[in-house]
Amino acid sequence: MRDRRRSLRLAATLTVSGLLLGTAGCGSGSGSARAGDPNTLEVWTRSDPESAKTYDRVFAAFTKKTGIKVDFQPVMNFDQQLQSRASVKDLPDVMINDTALMGSYQSQGLLKPITPASIAGHDEITAKSWASTVGLDGRHYGIPYSRQAMTLFVRKDWREKLGLPQPKTWQDTLALAKAFATRDPDGDGSKDTYGMVVPGSAQNGYVAWWGASYLWQGGVRILKKEGSGFRPAMDSAAAVRTVTWMKKNLFCGDKGVIQPSALTSVTANTTNFQDGNAGMYLTGPYNMSTFDEALGKGKYEVLPAPAGPAGNNDVLADGENIYFGARTGKAKQEQTLAAFLVSPEGQELAMTGDHQPVVRIPVNSTLDAAKVRHDPRWSVVQKAYETASVQFPNAPNFAPIKQDTADALNAIFTYCGSDVRSGLKELNDTLAGDLKDQDLLK
Amino acid sequence: MTATVTTPGPRRARIISKKAVLPWLFLAPALLLALVFKFLPMGKGVWLSFFDVRPFLGDKWVGLDNYTRVLTDHRFQDAIGHTLLLGVGMSLGGIVVGSALALLLEGQARSLKIIRTAVFLPVVTATAVVGEMWRLMYYPTSDGLINSGLGLFGLGPVPYLDNPDTALWATMAMGIWMLAPYNMVIILAGLAGVDRSLYEAAAMDGVSLWQRLRHITLPAIRPALGIVLTLAAIRGLRVFTEVYVLTGGGPAGSTDVWMTRAYTLGFTRNDIGGASAASVVLLCVTLLLTVTVNYLRKRGDVK
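Keep in mind that this is a model prediction, so the values were computed, not measured.

Draft legend 1. Quick look at the overall build of chain B. Tallying secondary structure elements over chain B gives 14 helices and two strands in all. Here chain B has a C-alpha radius of gyration of 25 Å; the compact-globule value for 303 residues is 19 Å, and the former is much larger. Based on the C-alpha atoms only, the size of chain B along its principal axes is roughly 100 × 75 × 35 Å. Across the 303 residues of chain B, 35% fall into the buried class. Long-range contacts, defined as pairs at least 24 residues apart, comprise 68% of the intrachain contacts of chain B with a sequence gap of at least 6.

Draft legend 2. Here's a closer look at the interface of chain A and chain B. Listed by partner, the interface residues are 44 residues for chain A and 51 residues for chain B. Secondary-structure elements contributing two or more residues to the side of chain A that touches chain B are helix H1 (2-20), helix H3 (78-87) and helix H16 (398-414) of chain A. Classifying every residue of the side of chain A that touches chain B by side-chain character gives 16 nonpolar, 24 polar and four charged.

Draft legend 3. Structural view of the confidence of the model for chain B. All names here are of chain B. On average, chain B scores 86 in pLDDT, and the residues at 70 or more come to 94%. For residues 1-9, every residue scores under 50 in pLDDT, and the model assigns this stretch zero contacts once sequence neighbours within four places are set aside. This prediction of the complex comes with two scores: 0.83 for pTM and 0.76 for ipTM.

Draft legend 4. Seen up close, the nonpolar core. Met196(A) and Met280(A) are the most contacted members of the largest nonpolar core, which totals 115 residues. In terms of domain composition, this core takes at least three residues from each of domain 1 (40-148 + 318-391) and domain 2 (151-316 + 395-437) of chain A. If sequence neighbours within four positions are ignored, Met280(A) has contacts with Leu152(A), Phe153(A), Val154(A), Leu176(A), Ala177(A), Gly195(A), Met196(A) and Val197(A). By size, the runner-up hydrophobic cluster in this structure holds 55 residues, among which are Leu105(B), Ala180(B), Ile221(B) and Met259(B).

Draft legend 5. Structural detail: helix H13 (residues 344-351) of chain A. Residue and element names in this part refer to chain A. Inspection of H13 places Gly346, Gln347, Leu349, Ala350 and Met351 among the buried residues, and these make up the whole buried set. For H13, the secondary structure elements touched by its buried residues are helix H2 (49-66), helix H12 (331-342), strand S12 (361-362) and helix H14 (369-373). Backbone geometry just after H13 places glycine 353 at a positive phi near 100°.

Draft legend 6. Quick peek at helix H6 (residues 127-137) of chain B. All names here are of chain B. Of all the residues in H6, the buried ones are Val130, Gly131, Trp134 and Arg135. For H6, the angular spread of buried residues about the axis comes to 140°, placing them on one side. Of the exposed residues in H6, the ones pointing more than 90 degrees away from its buried face are Ala128 and Val129. On its buried face, H6 sits against helix H5 (110-124), helix H8 (167-192) and helix H12 (241-246).

Draft legend 7. Main features of the pairing of strand S3 (residues 94-98) of chain A. Residue and element names in this part refer to chain A. Where burial is concerned, most of S3 is hidden: four out of the five residues are buried. Across three bridges, strand S1 (residues 40-45) lies against S3 in parallel orientation. Note on S3: the bridge partner recorded for tryptophan 44 is methionine 95.

Draft legend 8. Fine view of the UniProt feature "domain: ABC transmembrane type-1" (unreviewed entry) in chain B. As recorded in UniProt, the feature "domain: ABC transmembrane type-1" (unreviewed entry) lies at residues 80-293 of chain B. Each end of residues 80-293 of chain B is marked by a C-alpha atom, and these two atoms are 20 Å apart; helix forms 76% of the span and strand 0%.

Draft legend 9. Quick look at the domain arrangement of chain A. Residues and elements named next belong to chain A. Along its sequence, chain A is carved into domain 1 (40-148 + 318-391) and domain 2 (151-316 + 395-437). Each of domain 1 and domain 2 has a C-alpha centre, and the two are 27 Å apart. Of all the secondary structure elements, the ones that give two or more residues to the side of domain 1 that touches domain 2 are helix H4 (102-107), helix H15 (377-387) and strand S13 (389-391). In terms of residue count, H15 provides more of the side of domain 1 that touches domain 2 than any other element does, five residues in total. Considering only residue class, the side of domain 1 that touches domain 2 consists of 10 nonpolar, seven polar and three charged.

Draft legend 10. Up close: the environment of Pro55(B). Turning to its location among the elements, Pro55(B) is positioned in the loop between strand S1 (51-52) and strand S2 (60-61). Sequence separation between Pro55(B) and Arg116(B) is 61 residues; the distance between their C-alpha atoms is 50 Å. Discounting residues that sit within four places of it in the chain, Pro55(B) has contacts with Ala86(A), Ser87(A) and Lys89(A).

Draft legend 11. The pairing of strand S11 (residues 315-324) of chain A, seen in detail. All names here are of chain A. The buried fraction of S11 is high, at 10 of 10 residues. Note that S3 and S11 share five bridges and pair antiparallel. Each bridged residue has a counterpart across the sheet, and for methionine 95 the counterpart in S11 is tyrosine 323. Pairing of strand S4 (residues 143-149) with S11 involves six bridges; the strand directions are antiparallel. Bridge assignment links alanine 149 to a residue of S11, and that residue is alanine 317. Relative to S13, S11 is paired through three bridges, and the arrangement is parallel. Bridge pairing in S13 links alanine 317 to glutamine 391.

Calculation notes
- Residues numbered from 1 in each chain as written.
- Chains lettered and ligands numbered in written order.
- Predicted model: local features only at pLDDT ≥ 70, side-chain atom pairs only at ≥ 80, totals over all residues.
- Helix = DSSP H or I, 4+ residues; strand = E, 2+ residues; numbered from the N terminus.
- Rg over C-alpha atoms; globule rule 2.2 N^0.38 Å.
- Buried ≥ 20, exposed ≤ 12 C-beta atoms within 10 Å, placed from the backbone.
- Contact = placed C-beta atoms within 7 Å.
- Nonpolar A, V, L, I, M, F, W, Y, C, P; charged D, E, K, R; others polar.
- pLDDT = per-residue confidence, 0-100.
- Core = buried A, V, L, I, M, F, W, Y, C linked by C-beta atoms within 7 Å.
- Domains from an automatic or database assignment.
- Arc of directions from axis to C-beta.
- Pairing = 2+ DSSP bridges.
- UniProt positions renumbered as here; feature names shortened; annotations may be inferred.

And the structure:
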């Protein structure tokens, strides 16, 4: 009798503990939606329902042309879902996701290597774009699909009302931000506007993503390539100078230069620009459709980023690659799909239509973003990408490096009294540890 | 002769075994579901915590490396403090506010039922929605609901979530707001069981309100409080969504709790082994805590 009660109690305890385990159990139990049909490709993209509609059009055209069917899955929490599919060793055939994740996927063995020559039309993609998909072992692990570079969005109507010029340097930007914050550009009689929008949270590495352009303009690199490895470079004099400037003038400067909730903001909940209470936003061009709708085309302008103390106006470039899942056994069909996606027809379909475009700057060099869209603002973005942009290094697993950089920057910007130099020194040591984990530290 | 003596033994044994099997038979479907959806993934989680997880390159056995890495990481160490503070604060706050609500809203009147329903709403609302709502309420300018209220008294605006000194407390306040009504319901059930004649007798003896609470109500709802305390402690330690939605662990990691760290490790840094180890540590701590609370409660009951 006592034994039974004890075993019941054990069962109850186990049940309770089962309820508690959160992420430890991830990965199991996710059903595979993969069709055994060799003529059907399972394709994943990181898309919300709006951009998924654009992909629907693209894949419909592909099926019509080639007869290969596409089982299309737009996935919002892409990496979480991908990890669970990886744990049952059954990946989607084709994935379209961020360029910066290539190193991470490759280090986990999730990707098939790609020979550029096997993709029809590979010569229409520039060498610069192809170079961004080379892995640590010198082989390609992705096919460029869409590229973008950050540009500065400015409230043109506000700027003209205050009689100020377009910002060309960091000093101009700061002066303009202060004017937007203090001189009531919206004319409602109260001080309720901010100079600049900043997604400054460390969550998902946002502050590193946003701040990278400022680092580049200050002549800073997060990692420096050395031989076959890398060395962290966040303790350089340029880094100390740049981060100090950002901290002093933006985060700990005059009130209203950036929006007050910057330190906990991610892009999704940073709507000050489209809500009409902030005057500038350094961000990606995909926001244009949102801003056109919320503010109207005439109210804002798209400008190249102002130059920093290093004299350049380099911005962060990123984009999306096409990846082939490891061990999927449909190489021919996958190559056919990739060839279609980078062809002028495939790229144009993805850049146009009534829904959010999924190709920003085309990787196909025969296309011109501004011409395809009949919108000269896109030539600013294309020019920034082609002439003044730097990507995060794609070969190493950059995910931990971006996250650690974001954690450190967020902390430095939060504590206004803290010492920038020691904060960056600590970050540099952490980054060295990350590189060492990947056997890349030189 | 011997046969007649021994027969009752086996027969009784058979009856007992049938009796013993029957409940398990009824439990089987539920246990099977629990096995597939809880225990197997859980077991796998524990198993993975000893590996460098790389499904396509072959998992690499690393022994206790993941555990050492997690336990020596200063961000996890900071997270322990935040988790405990948040857990204890939310549990106690939830019980105090929940009890107060229960005492205020006990009764049969129709208006009380409506108010009770209204008060219970936070519990049935998705945490993500509540988080977004509180983010708007905490908005650090006079546009935010709370700051506009403070503005009426000439105070503020206070950057609740963007100041590392207040962010954790602001998160705690939201947690209490969500937790208290749930506690209220359990305590209400406890209050319903209080013998009315004791109140009447106390009234005749002319005791004060405080004495009535202290010597009649509190002892009567002790079991309910025990349950509430256990649930709150478990919930407090594995707090995740509240923090993730409200602050994402920031600013400067000042609201990072154990589970947000584990999540970042698993899904931003793709270190599933480390995340599993962190989760297993949390599991052990929670188990220990649950058993201890249960033990103390039982000992108290015997007394």
